[in-house]
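Structural description and commentary
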Amino acid sequence: MTRFKKQDAKRAMTLYVAGMLAVAVVFLIISCKNKEKAIPDSPPGYDLNNPVKYKMPEDLTEISGFAFHNGKNDSVYAEQDEEGFLFNLKLGDKKANYTKFGKSGDYEDVAICREQVIMLKSDGTLFTFPFNQVRTKEVTNVQKTKGQLPEGEFEAMCADEKTGLVYVLCKRCADEKTSKRSTGYILKLQADGTLKQTGSFAIDVREIERLADKKRVPFRPSAIAKNTFTNEWYVLSSVNKMLVVTDVNWKVKNVYPLSVTIFGQPEGMAFDNQRNLYISNEGDQLSAGNILKFSFKK
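As a starting point, this report considers the structure included with it. A quick note: this is a predicted structure, and the numbers were derived from the prediction, not measured.

Overview of the sheet that holds strand E20 (residues 290-294)
- With respect to topology, 4 strands assemble into an open sheet ordered E1-E20-E19-E18, the strand pairing being antiparallel. Taken across any chain shown, the strands that pair with only one partner, and hence form the sheet edges, are strand E1 (52-55) and strand E18 (266-271). Geometrically, the sheet is characterised by an average inter-axis angle of 20° between neighbouring strands, direction not taken into account.
- Of the pairings in the sheet, the one linking E18 to strand E19 (residues 277-281) comprises 5 bridges and is antiparallel in character. Along E19, the bridge assignment pairs Pro 266 with Asn 281.

Pasting the structure below:
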């Protein structure tokens, strides 16, 4: 082979290698972009990007919280953050019935435990009344519990039917000395329907930041639910579109980002007795409130 042919062959090989490197770089860039656009992960058994959507009637445009009775999904019991009404409806209904339990106010969540309905007001005041009155025109026997929670703002509450314990998470509380801990309180449902504080707990926001790979997370719980099949706690933070899953002792296990197109303003959450997960979104003047169902799949 002549010197010139060797140089041509060398040149061709160099161009070939350069071309292959260029292709590899392009492939890497595309892969990175696709990874950035990848659908967010979901907790095992759920696909947070593939819900069944149930639009709420106009009265529940600003749905803040909802609950099931003993996990049965045949009826939903919900409230909105303006009126002292408890609504009841079947998913898909275009109209909801309601009972009046209190004056107008900023009500944020509802729980049902041991045949008692518990309503949470944003200032930490709790209202309790018998479940057998949910379909009457107005509740006649309402127990008001005040002073069991510290000064602050509250949106997230759930109850454990087996223990009779009610868990309430601060959105913002005056006694929180650092933004790196999200404080919660445990209340015991008494025989007369009132509630008494029996303990507290905390979620480590630093661990949320580590798992989310963010330096600062303004964690503001808007809903909480217990997955009784796994004994995990699911906590929503609407302000930063985030679902946090902890173990039974509140140790953070995983953090899942929520799609802004699916979760407009996630404010309520519950599980039914078939392990299905439900999350509600407040609506606005342009869109109805909704409840999203995420069916459990093994």
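Quick notes on unusual backbone geometry
- With a phi close to 60°, Asp 213 is a non-glycine residue in the positive phi region.
- Since its relative accessible area comes to 70%, Asp 213 is described here as exposed.
- Positive phi, close to 50°, is recorded for Lys 241, a residue that is not glycine.
- Position of Lys 241 among the secondary structure elements: in the loop between strand E15 (232-237) and strand E16 (242-246).

Some points on the environment of Met 56
- Locating Met 56 in the fold gives a position in the loop between E1 and strand E2 (63-69).
- Under the relative-accessibility criterion, Met 56 is labelled buried at 6%.
- Residues within four places of Met 56 in sequence aside, it is in contact with Ile 63, Leu 89, Leu 91, Ala 288, Gly 289, Asn 290 and Ile 291.

Structural notes on the packing of aromatic side chains
- Summed over the entire model, instances satisfying the criterion amount to 19 aromatic pairs.
- The interplanar angle of 10° and the centroid separation of 3.9 Å between the aromatic rings of Phe 201 and Trp 250 together place this pair among those described as stacked. Of this pair, Phe 201 sits in strand E13 (residues 195-204) while Trp 250 sits in the loop between E16 and strand E17 (252-257); the two residues are 49 residues apart in sequence, bridging distant segments of the chain.
- Overall, the relative accessible area of 9% leaves Trp 250 in the buried class.
- Relative to Phe 294, the ring of Phe 263 has its centre 5.9 Å away and its plane inclined at 20°; by these criteria the two rings are stacked.

The rules behind each value
- Residues numbered from 1 in each chain as written.
- Predicted model: local features only at pLDDT ≥ 70, side-chain atom pairs only at ≥ 80, totals over all residues.
- Heavy atoms only, no water.
- Pairing = 2+ DSSP bridges.
- Helix = DSSP H or I, 4+ residues; strand = E, 2+ residues; numbered from the N terminus.
- Axes fitted to C-alpha atoms, helices over the stretch in contact; angles between N-to-C directions.
- Buried < 20%, exposed > 50% of the residue type's maximum accessible area, 1.4 Å probe, protein only.
- Contact = heavy atoms within 4.5 Å.
- Phe/Tyr/Trp six-rings, centres within 6.5 Å; stacked < 30°, edge-to-face > 60°.

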